[in-house]
Amino acid sequence: MKLYFMPGACSSAPHIDLLEAGLPFSLVAVDYRTRKTAGGGDFYKISLKGYVPALVLDNGEVLPRCR
């Protein structure tokens, strides 16, 4: 799984939940202004409205507002 986050965008709760559950995941930072991922990708291709946090499951399903 991949958790897309932005500092200050309520991304801590799903991050803590994943850690507590012991599930494997990776973190991907999203730039606030450009909505580009740390790797330079367009975040709007992952979350159409640009909402973070967004969790991409192993099967490719996107949970745009995980809580």
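Going by the structure above, here's the rest.
Let me begin by describing the structure that accompanies this report.

A count of helical and extended segments in the protein gives 1 helix and 4 strands. Ordered by position from N to C terminus, the α and β elements of the protein give β-α-β-β-β. Over its C-alpha atoms the protein spans a radius of gyration of 11 Å, differing by no more than 12% from the 11 Å that the globule rule assigns to 67 residues. Over its C-alpha atoms, taken along the principal directions, the protein stretches across nearly 30 × 25 × 20 Å. The burial tally for the protein puts 30% of its 67 residues in the buried class. Of all intrachain contacts in the protein linking residues separated by at least 6 positions in sequence, the fraction that spans at least 24 positions is 42%. A total of about 4,500 Å² of accessible surface is found on the protein, and carbon and sulfur atoms cover 56% of it. In the protein, which carries 8 positive and 6 negative side-chain charges, the distance between the mean positions of the two groups comes to 11 Å.

Right, let's talk about the sheet that holds strand β3 (residues 54-56) for a bit. Ordered in space as β2-β1-β3-β4, the 4 strands form an open sheet in which the pairing is mixed. At either margin of the open sheet sits one strand with a lone partner, and together these are β2 (26-29) and β4 (62-63). Pairing analysis gives 2 bridges linking β3 to β4, with the strands arranged antiparallel. Considered in β4, the bridge of Leu55 is made with Leu63.

Looking now at the packing of aromatic side chains. All told, the structure shown has 1 aromatic pair when counted by the stated rule. For the pair Tyr4 and Phe43, a centre-to-centre distance of 5.6 Å together with 45° between the ring planes defines the contact as tilted. A residue pair is termed long-range when its members are at least 10 positions apart, and Tyr4 in strand β1 (residues 2-5) and Phe43 in the loop between β2 and β3 qualify at 39 residues. The burial state of Tyr4 is the same as that of Phe43; both residues are buried.

A few words now on unusual backbone geometry. The phi angle of most residues is negative, glycine excepted, and most peptide bonds adopt the trans form. Here the bond from Val52 into Pro53 is cis, since omega is 0°, no more than 30 degrees from zero. On the secondary structure map, Pro53 appears in the loop between β2 and β3. At Arg35, a residue that is not glycine, the phi angle is positive and equals roughly 55°. Looking at the secondary structure, you find Arg35 in the loop between β2 and β3.

Analysis parameters
Residues numbered from 1 in each chain as written. Predicted model: local features only at pLDDT ≥ 70, side-chain atom pairs only at ≥ 80, totals over all residues. Heavy atoms only, no water. Helix = DSSP H or I, 4+ residues; strand = E, 2+ residues; numbered from the N terminus. Rg over C-alpha atoms; globule rule 2.2 N^0.38 Å. Buried < 20%, exposed > 50% of the residue type's maximum accessible area, 1.4 Å probe, protein only. Contact = heavy atoms within 4.5 Å. Areas by Shrake-Rupley, 256 points an atom, 1.4 Å probe, with all protein chains shown as cover. Lys, Arg positive; Asp, Glu negative; His and termini not counted. Charge placed at Lys NZ, Arg CZ, Asp CG, Glu CD. Pairing = 2+ DSSP bridges. Phe/Tyr/Trp six-rings, centres within 6.5 Å; stacked < 30°, edge-to-face > 60°.

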